[in-house]
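Report on the structure
This is what each chain is made of:
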Amino acid sequence: MAIRKKSTKSPPVLSHEFVLQNHADIVSCVAMVFLLGLMFEITAKASIIFVTLQYNVTLPATEEQATESAFLYYYGIKDLATVFFYMLVAIIIHAIIQEYVLDKINRRMHFSKTKHSKFNESGQLSAFYLFSCVWGTFILISENYISDPTILWRAYPHNLMTFQMKFFYISQLAYWFHAFPELYFQKTKKEDIPRQLVYIGLYLFHIAGAYLLNLNHLGLVLLVLHYFVEFLFHISRLFYFSDEKYQKGFSLWAVLFVLGRLLTLILSVLTVGFGLARAENQKLDFSTGNFNVLAVRIAVLASICITQAFMMWKFINFQLRRWREHSTFQAPTVKKKPTVTKGRSSRKGTENGVNGTVTSNGADSPRNRKEKSS
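Note that this is a predicted model, so its numbers are computed, not measured.

Criteria and cut-off values
- Numbering of residues starts from 1 in each chain and follows the order in which that chain's sequence is written.
- The model is predicted, so local features are restricted to residues of pLDDT at least 70 and side-chain atom pairs to those at 80 or more, both for listing and for counting; the totals for chains, interfaces and linings are taken over all residues.
- Hydrogen atoms and water are omitted, and side-chain values are computed over all heavy atoms in the structure.
- Helix and strand assignments come from DSSP, with helices taken as H or I runs of at least 4 residues and strands as E runs of at least 2, each series counted from the N terminus.
- Think of it in three bands: with a 1.4 Å probe and only protein chains considered, a residue is buried below 20% of the maximum accessible area for its type, exposed above 50%, and partly exposed in between.
- Note on geometry: axes are lines fitted to C-alpha atoms, helical ones only across the stretch in contact, with angles between N-to-C directions running from 0 to 180 degrees.
- Geometric relationships in this document are graded by angle, where less than 35 degrees denotes roughly parallel, more than 145 denotes roughly antiparallel, 65 to 115 denotes roughly perpendicular, and other angles denote oblique.
- Crossings are sorted by hand: turned counterclockwise from the far helix by less than a right angle, the near helix makes the crossing left-handed, and turned clockwise it makes it right-handed.
- We call two residues in contact whenever any of their non-hydrogen atoms come within 4.5 Å of each other.
- Residues are grouped as follows: Ala, Val, Leu, Ile, Met, Phe, Trp, Tyr, Cys and Pro are nonpolar; Asp, Glu, Lys and Arg are charged; every other residue, Gly included, is polar.
- UniProt positions are given in the numbering used here, feature names are shortened, and annotations may be inferred rather than shown by experiment.
- Like charges are joined within 9 Å and nonpolar side chains (Val, Leu, Ile, Met, Phe, Trp, Tyr) within 5 Å, but only among residues with over 30% relative accessible area and no salt bridge; these make up the patches.
- Note on areas: Shrake-Rupley, 1.4 Å probe, and residue coverage restricted to the protein chains presented here.
- Here, a salt bridge means any side-chain nitrogen of Lys or Arg that lies within 4 Å of a carboxyl oxygen of Asp or Glu.
- Residues counted as positive are Lys and Arg, residues counted as negative are Asp and Glu, and His and the chain ends are not counted.
- For this purpose, a charge sits on NZ of Lys, CZ of Arg, CG of Asp or CD of Glu.

Right, let's talk about unusual backbone geometry for a bit. With an omega of 10°, the peptide bond between Tyr156 and Pro157 qualifies as cis. Examined against the element boundaries, Pro157 turns out to sit in the loop between helix H4 (113-142) and helix H5 (163-185). A positive phi angle is found at Tyr55, which is not glycine, with a value near 60°. Considering the arrangement of structural elements, one finds Tyr55 in the loop between helix H2 (41-51) and strand E1 (56-59). We classify Tyr55 as buried; its relative accessible area is 19%. The backbone of Ala155 shows a phi angle near 60°, a positive value even though the residue is not glycine.

This is the structure in structure tokens:
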């Protein structure tokens, strides 16, 4: 009687793409709950806090703007609800880009596991940096920041923002907050999590600081400058993954990275160290949002300088490591000239081949030993 063996097959493992799609579906359902809440009068008051921008004020028309009144915004605790909703939107957009763009490219290119994760990271960040650069540049042009740089510190505190300015900051905070759950959704390696947490924390610290301290004008300029340099790096890395011959983008990025750090320091010192230091109103006032005091200015400049120094230190280490790898890979092998000696030793040296490598016709081959014994 035959004995049936028990099946030892392991249960099916869910694929990474299925897990991502499952999380995206759950997040989409949660976001739809807030949107559907706008359709009913009972839940509309609660849902509108999550979906629309809060704390708006209407300024009456002036002599310069006789026909239109200005609609401006300030920040408050309700902005956390708005950031949470758009964090869900960022997760959904992240999943769409991953499924319909990056995963299709990965299937064609057949990347290794290391390149696969780096390609996904650069693909997501390059899309975000490009969108933020275009949007931020449009705000800079529309509000005349480029033609009049004194707007960075003139009429501080900048506690009232236009719709585009506030929505830009809400979107930035929402995106970088969404990066925390994405560490789990993307199944990031444990050794990469500390690095990810450091740069996510730095982004949130500086963006939230500029938003809460009413330095949104300076923060917008510095973000656009920084995002442009980062976009160039990640787009160069995408081209490098497709073909390792494309390395010119990294050289251009290296130059712009150093220039970007210098411009960041110059604009920060010019705005905080000179512009705000010479302002008439230098009293701490939470009701008007005035934080133009010496201690705050020192803290702002110190955080910016320390961050720029940290980035330059990482950049220098990266360039040195890349230079060592490049020099090691292209180091020419030094050919040793065979020493001419008399008798048997010279013939043996020539038969052993170039650079001391033993060839099939070498003196120590089994065939030659057999001939000598005969």
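Once you've had a look at it, read on.
Moving on, we come to the packing of helix H8 (residues 248-275) against helix H9 (residues 294-329). At their nearest, the axes of H8 and H9 sit 10 Å apart, and the two run at 170° to each other. Between H8 and H9, the crossing angle belongs to the class labelled roughly antiparallel. Here H8 runs over H9; the crossing is left-handed. Taken together, the residues of H9 that come into contact with H8 (itself represented by Phe250, Trp253, Ala254, Phe257, Val258, Arg261, Thr264, Leu265, Ser268, Val269, Val272 and Gly273) are Arg297, Val300, Leu301, Ile304, Cys305, Gln308, Met311, Met312, Phe315, Phe318, Gln319 and Arg322. Grouping the amino acids of the contact of H8 with H9 by side-chain chemistry returns 16 nonpolar, 5 polar and 3 charged.

Glancing now at the UniProt feature "transmembrane region" (unreviewed entry) in the protein chain. As annotated by UniProt and renumbered to match this structure, "transmembrane region" (unreviewed entry) occupies residues 26-51, 83-102, 123-147, 167-185, 197-214, 220-240, 252-274 and 294-316. For residues 197-214, the end-to-end C-alpha separation is 26 Å, with 89% helix and 0% strand making up the annotated structure.

Taken together, the side chains of Lys113, Lys118, Lys189, Lys314, Arg321 and Arg324 make up a positively charged region of the molecular surface. At 3 residues, the largest contribution of residues to the positive patch is made by H9.

Structurally, Glu121 is set in helix H4. Note on Glu121: relative accessible area 16%, which makes it buried. The contact partners of Glu121, leaving out residues within four places of it in the chain, are Arg195, Gln196, Tyr199 and Arg237.

Turning next to the pattern of salt bridges. Taken as a whole and assessed by the stated rule, the structure comprises 4 salt bridges. With a shortest N-O distance of 3.5 Å, Glu121 and Arg195 are connected by a salt bridge. In this pair, Glu121 sits in helix H4 while Arg195 sits in helix H6 (residues 193-212), placing the two residues 74 residues apart along the sequence. What you see here is one network of salt bridges that share partners, running through Glu121, Arg195 and Arg237.

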